[in-house]
Amino acid sequence: MAAPTARRFSARWPVLAFRPEPPRLSRGAGGRTLRAMKTATLASQEPVRTALSWRARGALLVFICAAVAAVWFTNRFLTERYTVATKNRAEVRQALYAGNLLSELQRNSIVPLLLARDPVLIGALNSGDFSQTSQRLISVKDEIGAASLMMLDAGGRVVAATDRPTIASTHRAEPYFIAALRSNDTVFNAFRAENGAMQFNYSRRIEAGGELIGVIVVEVDLRKFEQTWATISDAVIVTDSEGSIVLSTEPKWRGLTEEEALRLRSAPSAIERAIRATADWAALPTEAFYRGSALMRLENRIPFRGWRMITFTTYTSVRERVNGVLALEIMFFAILLAGAFYLSSRRALARSIFFQKEMTELRQLNVALQREIAERERVEKNLEVAEQTIAQSSKLAALGEMSASVSHELNQPLAAMKTYLAGSKLLLQRRRPEEALSSFQRVDDLIERMGAITRQLKSFARKGGDAVEPVDARHCISSALSMMEPQLKERKMRITRSLPEQPVMIMADRIRLEQVLINLLRNALDATKQVPEPAVDILLTAGQIATITVRDNGPGIRDLDSLFEPFYTTKAPGDGVGLGLAISSGIVKDLGGRLSARNGKTGGAVFEVRLPLIDADMKAAE
């Protein structure tokens, strides 16, 4: 049996031994490998770096956590403390605003009662002489500080007023005139004027002898409070019993409810300005937040017709004071951290100098390693060339062994051709051309057979390339058997061939695959030299992969572990070098398959060539 040889002998075999363990480079008397030196150097450094790194990270993490905790506690404590003080001041201001507003309303509520009983005004309404009436109202206005005064007759026409342009105008449909006619008491009125401003007044009917003779109207000036409130940082609104805003530091809020006013986005409102002035990142108490904004909302009831006063106070002063303390605290921690970094940088500088020295040594070792790798790559290329030469020599050796049988195979057709030609000559002389043509046809068949034999020898003799193409595995088996037919007939070997009826298509180099099959058949011939009735079974199966099985009835394989090692052979010296199976295994691996061997259950050796089938997508592409 041919010597079991390993997979394709090329530069891959020494590289596989070289890659996992780098080459041993002698450095002085120690003779340590380059990898061992680098590993020892890095191993001596890595524990120190890791330990120092983790300690530094841990210390930095603890420092940051402590700083954040201190800043958070300080911010929370000071914010709560300053918030209470700000809230107390806002409550005092709100009480003062509400008291001033109530005082103004109560002071002006008495004026209509007094003027309704003034004899000068009653006499003017009865006599129809109003020449001195307006002057009387102006003097009263200066004394009480009202916004304006008007006196209307029973028909709603202005007969006297502090604002003289309004005299003779008709106010019959105004709400304050209608309300005064319906009530015997002083009536308060709040309504929106045509210019959008809110107006407030008291009105009361004037009677003489139980009959209506006129109406006195006193306008209350509450807008002066809005102007006063606008000079502070608070946003102030006053709502009536229905929740509608009657007074506000933001003009666009008048006439709206609180919800509608806070949703208004047509112009920057007082609350929006307060939000922009507030530090949103601050951690404020829960009661300090109103609708997600850092504003303090305080509400107070005014004891007048269900009115309420609501103020929104910003935390600008709180944040300024708290941020000042926090800035000093953060600066202190930053100085500590900078000092720690300075000390660490000094230590790192000393370590970097030490590492630079070691890096210089490692760089020199790396240069030596690169030189060794380049040398190994050059040797690898030389081994590749040697492998191709050996593979070709192996094929030529096989051709030499087959030459005797092939010459015998060619001598038989030549002898037959000579006989047919002599017979054809006699047939032509006897004027029997039909039979002579039949002999010529047989000569032509013999020539075709001889040409097929020589073509197979020529194709086997040339070097295999990378001509990978769809190939029917059945044709490769038939071609290999045809090439080995002279030797098989000479040994009188029984050949059992089992091939499927359908094509078994694979992607392969036909010449190289035939070389593998011929090598397996030659091994079978060598293994059955001492067998009385030699036999070889060739089986082709196609499932998920294509499997070509070559089985002989020889003694089997003694050492399966070393079978595919290069230069392993059981032949006598001079019969082989043990590279056949090594080359065959490399060819099958290049084709994407696998060559394996085992002993049969009934004896003999079994070789299996497994190759991937062409799937449907690959067939369509081809």
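## Some words on the nonpolar core
Core analysis: the largest hydrophobic core is formed by 40 residues, its most contacted members being L521 and V609. Of all elements in the fold, only α12 (473-491), β13 (505-508), α13 (510-527), β14 (535-542), β15 (545-552), α14 (580-590) and β17 (605-612) reach the threshold of two or more residues within this core. Ignoring sequence-local partners within four residues, the contact set of V609 consists of V516, L520, A546, T547, I548, V588, R594 and L595. In terms of nonpolar packing, the next biggest core, distinct from the first, is built from 21 residues, A98, F188, F304 and M309 among them.

## Details of the sheet that holds β14
Pairing is mixed in the open sheet, where 5 strands are placed in the order β12-β14-β15-β17-β16. In the strand order of this sheet, the two ends are held by β12 (494-498) and β16 (594-599), each with one partner. Between one strand and the next, the sheet's axes are offset by a mean angle of 15°, whatever the strand orientation. Sheet topology note: the β15/β17 ladder contains 7 bridges and is antiparallel. Bridge pairing links I545 to P612 in β17. The strands that α13 touches are β14, β15 and β17; relative to β15, the one it contacts most, it runs at about 25°. The strands that α14 touches are β16 and β17; relative to β16, the one it contacts most, it runs at about 135°.

## Here's the deal with the environment of S344
Inspection of the secondary structure assignment puts S344 in helix α10 (residues 316-429). Residues S344 and A56, 288 residues apart in the sequence, show an inter-C-alpha distance of 8.8 Å.

## Describing the confidence of the model for the protein chain
The predicted model of the protein chain averages 76 in pLDDT, with 76% of residues at 70 or higher. Considering only residues more than four positions removed or in separate chains, one finds that residues 1-51, a stretch of pLDDT under 50, has 108 contacts. Here residues 273-293 is a poorly scored stretch, pLDDT under 50, and it has 44 contacts once near neighbours within four places are set aside; other chains count.

## Considerations on the sheet that holds strand β1 (residues 148-153)
Taken together, 5 strands build an open sheet; the order of strands is β2-β1-β5-β4-β3 and the sheet is antiparallel. Each edge of the open sheet is held by one strand with a lone partner, namely β2 (158-161) and β3 (187-192). Across the sheet, the mean angle separating the axes of adjacent strands is 25° when strand polarity is ignored. Across 6 bridges, β1 lies against strand β5 (residues 211-220) in antiparallel orientation. Residue pairing in the sheet places L152 in a bridge with V215 of β5. Sheet strands touched by helix α4 (residues 119-127): β1, β2, β4 (198-208) and β5. Its angle to β4, the strand with the most contacts, is close to 70°.

Definitions and limits used
- Residues numbered from 1 in each chain as written.
- Predicted model: local features only at pLDDT ≥ 70, side-chain atom pairs only at ≥ 80, totals over all residues.
- Heavy atoms only, no water.
- Core = buried A, V, L, I, M, F, W, Y, C linked by side-chain atoms within 4.5 Å.
- Buried < 20%, exposed > 50% of the residue type's maximum accessible area, 1.4 Å probe, protein only.
- Helix = DSSP H or I, 4+ residues; strand = E, 2+ residues; numbered from the N terminus.
- Contact = heavy atoms within 4.5 Å.
- Pairing = 2+ DSSP bridges.
- Axes fitted to C-alpha atoms, helices over the stretch in contact; angles between N-to-C directions.
- pLDDT = per-residue confidence, 0-100.

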